[in-house]
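# Examining the three-dimensional arrangement
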Amino acid sequence: MPAKKVLLTAINAKYIHSNLAVYSLKANTGSYESFVELCEYTINHRKEEILRGIFEKRPDVIGFSCYLWNIEYVLAIAEDVKKILPDSTILSGGPEVSYHPEEVLEAYPFIDIVMVGEGEKTFREYMTWLIDGKGSLAQIDGLVYRKGNQILRTSPRQGMDMEELVFPYRSIEGMENRILYYESSRGCPFSCSYCLSSIEKTVRMKSMEKTIKELAFFLEHKVPQVKFVDRTFNCNHEHAYGVWKYIGEHDNGVTNFHFEIAGDLLREEDFSLFETFRPGLVQFEIGVQSTNPETLRAIRRTMDLSKLYNNIKRVHAGHNIHEHLDLIAGLPFEDFESFRKSFNDVYDMKPDQLQLGFLKVLDGSYMKETGNEYGVVYSSQPPYEVFSTKWLRYEEILRLKQVEEMVEVYYNSFQFAATMAYLLRFFETAFDLYLAVGEYYEKHHLFDRKHSRLSRYEILWEFAGRQKLDSREREVLRETMTYDLFSRDYVKNPPSFVRARTEKEKLKIRAFFDRQCENPTILKDYEGFVTKQLYHLLYVDCFTVDIKTLLETGQIDSKSPFYLMFDYKKRNPLNHSASVIHLKELEE
């Protein structure tokens, strides 16, 4: 009798992502690992391609990892897999099926088994039954399965000891340019009503010895980015500090570590440690969600807003840690004006990225149970996103969607930082600025089109022109947009708003490059280059506004004409902008 073959299939949102669940299931099967094969796709693959790939392997069991972003895709593929491999067993797990498994099996007859809760031990015991015929499905905790016309549920699976959890990665072959996910703990001490992590209120952690041994693998292999999936990573200060200290002391100059943290829980010794970090070594994601105290109480979120604000400002001041702050629209007691305030509060913290998300009412969450109380109307289809609440109308949600997209384009891209800082002067608040840009896009049907990077600048230039700027204000705008444009890349054919350099300025710049070719005091990285090459590799222009001061304080400091050079070989590791050098010798 041929050996059984099990195929664990992951369908990720993007190629750069990896699926920790399937790697962990395979790694924790013990002696049965050789029977398990992994297969990763993305939602951008054609379904026919995935179907063919699964069929050609002829697996006896096909496992699917089910999430918000892939559930509809997975169901469509699983149904067709059952048609072409009718004798195969379809096994599923993950948050999109495990909180209502009986309903899943009733609705989708092509799914045979749902794993509920943590899957490593459940899957290993399933493999023991499948390969060796030991025991029965009824004896395996954490399963819901079919038996004839019946749907049966076994005993709940208890959370495993984290010391028993086998490290999921054997090598990084084929994953050199992908994000690797890692967990050093499971559970969360908080009870946020919209989050599935709140179900398990205890936190189980790996020992520091085990965690450090596993982190050494990522550092040794120079993995580009490691994302900790721990919820509220620094809920245990000693554990968080130990990890941060280790990666700081063993920094390989390449690997970036991503942590989801509670900003208000940071301590003084953390800030002292952060000062020693290489720019880009770590990045923090901080879920603020709202600054409305009534909203925070309603969603059972514990947070010291004053401390959070100060701590985020302190991290930002270090200029070496990327900060990603989250807001959620559609929460209880948050109307349009209240959300406007939350947005402005968070914007004032100057995050590197501001993600404006919308409430998703997830199966298994407390919000699912209490949503009717708040008049939450949401989609019945994934991702179960809010349409309206007692406090927020659908048309207001649509306006916030416009703000979301404009923040993504004109803030999170880092490509318009100086210009947006300047335009903020002409609006009461940051929210009003992004709302106005969104309304401009809507009015001119710009949301319906694809735009190049340069066209985004042209649109912003036209939008700003509607703000009744005087001649000096328009010139400042021209400078901020020129600065933003060339901070990203050398544009050979710049848009119309870029001022043409005068012949006198061009002669000064060429003379500077001539001197550097002979004696490269500033351009040591370009030794051996000739002037003509430098002129097309490095952009130099004359400015009259101190852009650095504008970015840091929002203030306009006009100066006598001075020259800035944009060096694209040297980039800021946090936002990838070119290094900007003040060429004082050109002012002499």
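Computed from a prediction, not measured in an experiment: that's the story for all the values here. (Residues numbered from 1 in each chain as written. Predicted model: local features only at pLDDT ≥ 70, side-chain atom pairs only at ≥ 80, totals over all residues. Heavy atoms only, no water.)

### As for the overall build of the chain
Helix and strand counts for the chain stand at 21 helices and 20 strands. Counting only C-alpha atoms, the chain reaches 85 × 60 × 50 Å along its principal axes. Burial statistics for the chain: of 588 residues in total, 54% are counted as buried. A separation of at least 24 residues holds for 69% of the contacts in the chain among residues at least 6 apart in sequence. Only carbon and sulfur atoms are counted for the fraction: they give 49% of the accessible area of the chain, which is about 27000 Å². (Helix = DSSP H or I, 4+ residues; strand = E, 2+ residues; numbered from the N terminus. Buried < 20%, exposed > 50% of the residue type's maximum accessible area, 1.4 Å probe, protein only. Contact = heavy atoms within 4.5 Å. Areas by Shrake-Rupley, 256 points an atom, 1.4 Å probe, with all protein chains shown as cover.)

### Section: the sheet that holds strand E18 (residues 539–545)
Overall, antiparallel pairing links the 3 strands, which are arranged E18-E19-E20 in an open sheet. Since the sheet does not close on itself, it has two edges, and those belong to E18 and strand E20 (578–582), each with one partner. Each adjacent strand pair in this sheet contributes to an overall mean axis angle of 35°, direction not counted. Against the sheet, helix H18 (residues 471–488) makes contact with E18, strand E19 (558–571) and E20, and its axis sits at roughly 150° relative to E18, the strand it touches most. Here helix H19 (residues 503–518) sits on the sheet and contacts E18 and E19; the angle it forms with E19, its principal contact strand, is near 45°. (Pairing = 2+ DSSP bridges. Axes fitted to C-alpha atoms, helices over the stretch in contact; angles between N-to-C directions.)

### Some thoughts on the side chain of Gln402
One can find Gln402 in helix H14 (residues 394–410). Filtering out sequence-adjacent residues up to four positions away, Gln402 remains in contact with Gly438, Glu439, Glu442 and Phe447.

### Notes on the nonpolar core
Counting residues in each nonpolar core, the largest one holds 137 residues, and the members touching the most others are Trp244, Phe259, Phe343, Tyr410 and Tyr434. A per-element tally of this core places helix H16 (residues 430–443) first, with 9 residues. The contacts of Trp244, once residues within four sequence positions are left out, are Phe233, Asn234, Phe259, Ile261, Leu266, Asp270, Leu273, Phe274, Phe277 and Phe284. Membership of the second largest hydrophobic core comes to 27 residues, among which are Cys39, Ile50, Val116 and Val144. (Core = buried A, V, L, I, M, F, W, Y, C linked by side-chain atoms within 4.5 Å.)

### Considerations on the pairing of strand E8 (residues 179–182)
Burial along E8 is two-sided: Ile179 and Tyr181 facing one way and Leu180 and Tyr182 facing the other are all buried. Summarising the sheet, E8 and strand E11 (residues 225–228) pair through 4 bridges and their orientation is parallel. Paired with Tyr182 across the strands is Phe228, a residue of E11.

### Concerning the packing of aromatic side chains
Inspection of the entire model under this criterion finds 54 aromatic pairs. On the numbers, 5.9 Å between centres and 20° between planes, the contact of Phe343 with Tyr347 is stacked. Placement of both Phe343 and Tyr347 in helix H12 (residues 336–347) is noted, with a separation of 4 residues, approximately one turn of the helix. Taking relative accessible area as the criterion, Phe343 reaches 0% and is therefore assigned buried. Ring centres 5.7 Å apart and planes at 70° place the aromatic pair Tyr440 and Phe463 in the edge-to-face group. Placement of the pair is Tyr440 in helix H16 and Phe463 in helix H17 (residues 453–465), with a sequence separation of 23 residues. Phe463 matches Tyr440 in its accessibility class, with the two residues each being buried. Geometry around Phe55 places Arg58 over its ring, the cationic atom sitting 3.9 Å from the centre. (Phe/Tyr/Trp six-rings, centres within 6.5 Å; stacked < 30°, edge-to-face > 60°. Lys NZ or Arg CZ within 6 Å of the ring centre and 35° of its normal.)

### A closer look at the environment of Glu106
Relative to the helices and strands, Glu106 is located in helix H5 (residues 101–107). Look past the residues within four positions of Glu106 in its chain and what remains in contact with it is Arg146 and Ile151.

### Quick word on H14
Its 17 residues place the ends of H14 24 Å apart at the C-alpha level, agreeing with the 24 Å of an ideal helix rising 1.5 Å per residue. For H14, every residue scored as buried is listed here: Glu396, Ile397, Leu400, Gln402, Val403, Met406, Val407, Val409 and Tyr410. (Expected span 1.5 Å × (residues − 1).)

### Focus: the sheet that holds strand E2 (residues 36–42)
Strands sit in the order E2-E1-E3-E4-E5-E6-E7 across an open sheet of 7 strands; the sheet is mixed. Each edge of the open sheet is held by one strand with a lone partner, namely E2 and strand E7 (150–153). Within the sheet, the average angular offset between the axes of one strand and its neighbour, ignoring direction, is 20°. Pairing between strand E1 (residues 6–12) and E2: 7 bridges, direction parallel. Across the sheet, the residue bridging to Thr9 is Cys39, located in E2. Relative to the sheet, helix H6 (residues 120–132) contacts E1, E2, strand E3 (61–65), strand E4 (89–93), strand E5 (113–115) and strand E6 (143–147), its axis offset from that of E1 by approximately 145°.

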